[in-house]
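Architecture and fold: a report
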Amino acid sequence: MTIAIYPGSFDPITNGHLDILKSGAEIFDKVIIAVSFNTNKKGFLPVNIRTKLIQESTKDIPNIEVDFFEGLTVDYARKKGANVLLRGLRTSFDFEYEMQLSQTNHALFKDIKTVFLITKPEYNYISSSCVREILLNKGDISDFVPEPVCKYLKENY
Ligand code: COA
């Protein structure tokens, strides 16, 4: 059984993330989408809300588990018996960052492999920070995020 971890800050999850996750769920036996912390990012939504919104957005996909972790991604992967990390690539800017992250993770845990899936062109420009910016400036985010996320953000911000 191949278990893949899809780690990220998911602040909030977007349609682009969901697309990567759905493709990952077709490839691997199980995908654990795990909310984690990028220490360079301040954070917008509380982690329990990010997790809840992912759960609501993925409830129709059977082989997906939603979780969160603190600490190193590789330690979490070891704990979960996973040897694949799933990440999405949008542009060459993502590639530079992802290559370094993947090589660092591999240096820390030799059994781990990162599998990259290319984002569909229609999601190429979406990011969580652009969703937050549109939201806080009272724009329409409905094309960028799953329906439960859109509903929660419109009601609460
Ligand atoms: N569709 C839409 N947006 C996408 C996307 C896609 N397919 N792929 C990436 N993004 C966006 C995200 O929305 C996010 O946008 P933002 O910067 O506006 O918030 C950005 O690309 C990257 O975010 P994400 O994929 O969530 O990664 P991250 O850089 O925030 O987090 C961790 C990376 C959490 C996986 C990483 O920091 C980590 O592993 N932390 C734990 C500590 C550790 O082990 N570090 C590694 C050793 S140095």
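Here we summarise the structure given alongside this text. Only a predicted model underlies this, so the values are computations on that prediction, with no experimental measurement involved.

**Details of the site of the ligand**
What surrounds the ligand is a group of 26 residues, the closest being Ser9, Lys41, Thr73, Tyr97 and Ser129. Tyr97 places a side-chain nitrogen or oxygen 2.7 Å from an oxygen atom of the ligand. Thr119 places a side-chain nitrogen or oxygen 3.2 Å from a nitrogen atom of the ligand. Protein burial of the ligand: of its 940 Å² of free accessible surface, 84% is covered by the chains.

**Here's the deal with unusual backbone geometry**
Here the residue pair Asp11 and Pro12 is connected by a cis peptide bond, since its omega of 10° sits within 30 degrees of zero. Counting through the fold element by element, Pro12 comes out in the loop between β1 (3–8) and α1 (15–27). One non-glycine residue, Phe10, lies in positive phi territory at about 45°. Structurally, the position occupied by Phe10 is in the loop between β1 and α1. The class of Phe10 is buried, set by a relative accessible area of 2%.

**Details of the side chain of Thr14**
Within the secondary structure layout, Thr14 lies in the loop between β1 and α1. The contact partners of Thr14, leaving out residues within four places of it in the chain, are Ile126, Ser127, Ser128, Val131, Phe144, Val145 and Pro146.

**A word on the packing of aromatic side chains**
For the structure on display, the rule yields 5 aromatic pairs. Between the aromatic rings of Tyr6 and Phe10, the centroid separation amounts to 5.1 Å while the plane-to-plane angle is 80°, which identifies the pairing as edge-to-face. Judged on exposure class, the residue Tyr6 and its partner Phe10 are both buried. Taking the centre distance of 4.9 Å and the plane angle of 40° together, the rings of Phe44 and Tyr157 count as tilted. You can see Phe44 sitting in the loop between β2 (30–35) and α2 (47–57) and its partner Tyr157 sitting in the segment after α6 (147–156), a full 113 residues away along the chain.

Conventions used here
- Residues numbered from 1 in each chain as written.
- Predicted model: local features only at pLDDT ≥ 70, side-chain atom pairs only at ≥ 80, totals over all residues.
- Heavy atoms only, no water.
- Near = heavy atom within 4 Å.
- Polar contact = N/O pair within 3.5 Å; in protein donor to acceptor, adjacent residues only side chain to side chain.
- Areas by Shrake-Rupley, 256 points an atom, 1.4 Å probe, with all protein chains shown as cover.
- Helix = DSSP H or I, 4+ residues; strand = E, 2+ residues; numbered from the N terminus.
- Buried < 20%, exposed > 50% of the residue type's maximum accessible area, 1.4 Å probe, protein only.
- Contact = heavy atoms within 4.5 Å.
- Phe/Tyr/Trp six-rings, centres within 6.5 Å; stacked < 30°, edge-to-face > 60°.

Coordinates in, geometry out; function isn't part of it.
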